[in-house]
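Structure assessment
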Amino acid sequence: QQPVQSPQAVILREGEDAVINCSSSKALYSVHWYRQKHGEAPVFLMILLKGGEQKGHEKISASFNEKKQQSSLYLTASQLSYSGTYFCGTEKANSGYALNFGKGTSLLVTP
Amino acid sequence: EAQVTQNPRYLITVTGKKLTVTCSQNMNHEYMSWYRQDPGLGLRQIYYSMNVEVTDKGDVPEGYKVSRKEKRNFPLILESPSPNQTSLYFCASRGQDYNSPLHFGNGTRLTVT
């Protein structure tokens, strides 16, 4: 039931862009994105709902393709603080608000 | 401050010795959940609860029990811990709104020897 994330890991130089993908074999109602720093709890980034608009804040945005059950997270002009592991969490309709998470994408931004 | 509180943060125990990890939230959330995190496997859901007295299995429920007698508390019980339950555990809660994010506790790092 885990969604599939790609790539598994990516290394960027400061200022470069990255895209992280998340796909599910199940029909989704929403997709969540979280970032986790080493040894800390995951922190919420954004939610994309079925039928909703593409979301974003600052230089991080995301999209949700309902027909393909895919979501992508876009990191633009990356900063050192963007380093961490990114997780997508998927929610099926009528799942009682339960979220299933992918295995994560490790992002390292270097100076 | 709105938060999810887990205790303890670190726990080392021996095989077979029953233990409980507590989780409490102060946001009046209906939904609560437990995840375990292992290297390369991401966050896997153990159990979740949509409301008081309502719990359901996640993807990896074997070896765990939960109870939801009050809205704010959702303890995770390991009746007979085994070394393969060594992991980082997170409790989380969210409101009953599809726009509501998951709020995570700070995690409990459990080692079973």
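In what follows, the structure referred to is the one given above.
What you see is a predicted model, and the numbers here were worked out from it, not measured in a lab. The residue numbering used here restarts from 1 in each chain and proceeds along that chain's sequence as written. Starting at A for chains and at 1 for ligands, labels are handed out in the order in which the entities are written. The model is predicted, so local features are restricted to residues of pLDDT at least 70 and side-chain atom pairs to those at 80 or more, both for listing and for counting; the totals for chains, interfaces and linings are taken over all residues. With hydrogens and water stripped out, all remaining heavy atoms of the structure feed into the side-chain values.

**Focus on the overall build of chain A**
Put simply, DSSP H or I for four residues or longer makes a helix, DSSP E for two residues or longer makes a strand, and each gets a number counted from the N terminus. Within chain A, the secondary structure is distributed over zero helices and eleven strands. Ordered by position from the N terminus, the helices and strands of chain A form the series β-β-β-β-β-β-β-β-β-β-β. Compactness check: chain A gives a C-alpha radius of gyration of 13 Å against a globular reference of 13 Å for 111 residues, within 12% of the reference. Here the term buried applies to any residue with accessible area under 20% of the maximum for its type, exposed to any over 50%, and partly exposed to those in between, with areas from a 1.4 Å probe on protein chains only. By the burial criterion, 50% of the 111 residues in chain A qualify as buried. By definition, residues are in contact when any of their heavy atoms lie within 4.5 Å. When contacts within chain A are restricted to residue pairs at least 6 apart in sequence, long-range pairs at least 24 apart make up 55% of them. Accessible area of chain A: about 5500 Å², with a carbon and sulfur share of 48%. Here the positive residues are Lys and Arg and the negative ones are Asp and Glu; neither His nor the chain ends is included. Charged groups are reduced to one reference atom each: NZ for lysine, CZ for arginine, CG for aspartic acid, CD for glutamic acid. Here chain A holds 11 positive side-chain charges and 8 negative ones, and the gap between their average locations is 9 Å. What the globule rule says is 2.2 Å times the number of residues to the power 0.38, and the radius of gyration is computed from C-alpha atoms. Residue burial considers only the protein chains on display, and all accessible areas are found by Shrake-Rupley using a 1.4 Å probe.

**A word on the nonpolar core**
All names here are of chain A. Buried Ala, Val, Leu, Ile, Met, Phe, Trp, Tyr and Cys residues that are joined via side-chain atoms within 4.5 Å together make up what is termed a nonpolar core. One finds Trp33, Met46, Leu73, Leu75, Tyr82, Tyr86 and Leu107 to be the most contacted residues of the largest nonpolar core, which totals 21 residues. Secondary structure elements with two or more residues in this core: β2 (9-13), β3 (18-23), β4 (30-36), β5 (43-49), β7 (60-65), β8 (70-75), β9 (84-91) and β11 (105-110). Look past the residues within four positions of tyrosine 86 in its chain and what remains in contact with it is Gln5, Ile20, Tyr34, Arg35, Leu45, Leu73, Leu75, Gly104, Thr105 and Leu107.

**Examining the sheet that holds strand β1 (residues 4-7) of chain B**
Across a sheet, strands are paired by hydrogen bonds formed along the backbone, either parallel or antiparallel in direction. All names here are of chain B. A pair of strands counts as paired when DSSP detects no fewer than two bridges linking them. The strand order across the open sheet built from four strands is β1-β3-β8-β7, with neighbouring strands paired in antiparallel fashion. For this open sheet the edge positions go to β1 and β7 (65-66), each flanked by a neighbour on one side alone. Relative to strand β3 (residues 19-25), β1 runs antiparallel, the two sharing four bridges. Considered in β3, the bridge of glutamine 6 is made with cysteine 23.

**What to know about unusual backbone geometry**
Omega for the bond connecting serine 6 of chain A with proline 7 of chain A falls within 30 degrees of zero, at -5°, which places this linkage in the cis form. With a phi angle near 50°, alanine 77 of chain A is a residue other than glycine that sits in the positive phi range. Position of alanine 77 of chain A relative to the elements: it lies in the loop between β8 and β9. For alanine 77 of chain A, a relative accessible area of 25% gives the class partly exposed. A positive phi is found at glutamate 53 of chain B, a non-glycine position, where the angle reads about 70°. Residue placement: glutamate 53 of chain B occurs in the loop between β5 (42-51) and β6 (54-57).

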